[in-house]
Amino acid sequence: MVVAIFNSTGDSFWIPAYSLNDRVYESGFLFVIFAFFQISIYIFTGYVIVRTCWIFLSIKVFHENMNILMAWFLLQWFEAILAKIVIIPYQIGLIVIGIDSKKTYYDWWASDENEMIQVRKDIGSSIIPLYISSYFLWHYMYSILFAILAIGLERVCATYYIQ
């Protein structure tokens, strides 16, 4: 989703959300069921990740460098979940942004300024939590993409320096 700052020098930000200002929480009981299901999955996944990291670090499945790398990349999932928790109120419409507060935005990318969310410069600071959490979500996504490269390089170095 592209957020453009209105009355500025063309500043725009690409945030990792496909919808904003959606009033889905007003749909009633079905939203509550899906929200409960989603939270349950997050809690279960968090437990599995913590347990997996504990196993990695306690029984030393691999050597020390590999165990630390695997635990680090697995624990970054919590970074994404915390960012997602901040982004969700903007997505479901609890916190409304944009000049047209009644408009719902569904898009991943927009090049036309009419399709972008226009935010006035004077209230742009009210969506700073959205910007910060978006940064952390992007950081998580790129970290996961480069995790395979990092682990591969670690294996190459470990193989080269093995005695």
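- Going by the annotation in an unreviewed UniProt entry, the name recorded for the protein chain is 7TM_GPCR_Srx domain-containing protein, with Caenorhabditis tropicalis given as the source organism.
- Its UniProt record, at the heading Subcellular location (unreviewed entry), says of the protein chain: "Membrane".

Side note on the pattern of salt bridges
Phase 1 of the analysis: With the rule as written, the count across this model stands at one salt bridge.
Phase 2 of the analysis: The residue Glu154 makes a salt bridge to Arg155 at a minimum N-O spacing of 3.0 Å.
Phase 3 of the analysis: Using a relative accessible area of 11% as the deciding quantity, one classes Glu154 as buried.
Phase 4 of the analysis: Since its relative accessible area comes to 33%, Arg155 is described here as partly exposed.

Description of the UniProt feature "transmembrane region" (unreviewed entry) in the protein chain
Phase 1 of the analysis: On the UniProt side, "transmembrane region" (unreviewed entry) is annotated at positions that read residues 28–50, 71–99 and 140–162 here.
Phase 2 of the analysis: Annotated as residues 71–99, this span is 72% helix and 0% strand, and its ends, taken at the C-alpha atoms, are 43 Å apart.
Phase 3 of the analysis: This span, residues 140–162, is 91% helix and 0% strand, and a straight line between its end C-alpha atoms measures 31 Å.

Topic: helix H2 (residues 64–75)
Phase 1 of the analysis: Here H2 contains twelve residues, and its C-alpha end-to-end distance of 16 Å stays within 8% of the 16 Å for a straight helix at 1.5 Å per residue.
Phase 2 of the analysis: For H2, the elements touching its buried residues are helix H1 (29–59), helix H3 (77–92) and helix H4 (128–160).

Remarks on the environment of Ser133
Phase 1 of the analysis: Residue position: Ser133 is located in helix H4.
Phase 2 of the analysis: Separated by 118 residues in sequence, Ser133 and Ile15 place their C-alpha atoms 9.0 Å apart.
Phase 3 of the analysis: The residues touching Ser133, leaving out its near neighbours within four places in the chain, are Ala83, Val86 and Ile87.

Description of the packing of aromatic side chains
Phase 1 of the analysis: Going through the model one piece at a time under the given rule, you end up with five aromatic pairs.
Phase 2 of the analysis: An aromatic cluster of three or more residues is present, and its members are Tyr42, Trp77 and Phe78.

Some details on the nonpolar core
Phase 1 of the analysis: In this structure, Ile15, Leu20, Tyr90, Ile97, Ile117, Ile127 and Leu130 are the most contacted members of the largest nonpolar core, which totals 21 residues.
Phase 2 of the analysis: Those elements that place two or more of their residues in this core are H1, H3, strand E5 (117–120) and H4.
Phase 3 of the analysis: Examining the composition of this core, we find that six residues originate from one element, H3, more than from any other.
Phase 4 of the analysis: Setting aside residues up to four positions removed in sequence, Leu130 forms contacts with Ile15, Ile87, Tyr90 and Ile97.

Rules and cut-offs
Residues numbered from 1 in each chain as written. Predicted model: local features only at pLDDT ≥ 70, side-chain atom pairs only at ≥ 80, totals over all residues. Heavy atoms only, no water. UniProt positions renumbered as here; feature names shortened; annotations may be inferred. Salt bridge = Lys/Arg side-chain N within 4 Å of Asp/Glu carboxyl O. Buried < 20%, exposed > 50% of the residue type's maximum accessible area, 1.4 Å probe, protein only. Helix = DSSP H or I, 4+ residues; strand = E, 2+ residues; numbered from the N terminus. Expected span 1.5 Å × (residues − 1). Contact = heavy atoms within 4.5 Å. Phe/Tyr/Trp six-rings, centres within 6.5 Å; stacked < 30°, edge-to-face > 60°. Core = buried A, V, L, I, M, F, W, Y, C linked by side-chain atoms within 4.5 Å.

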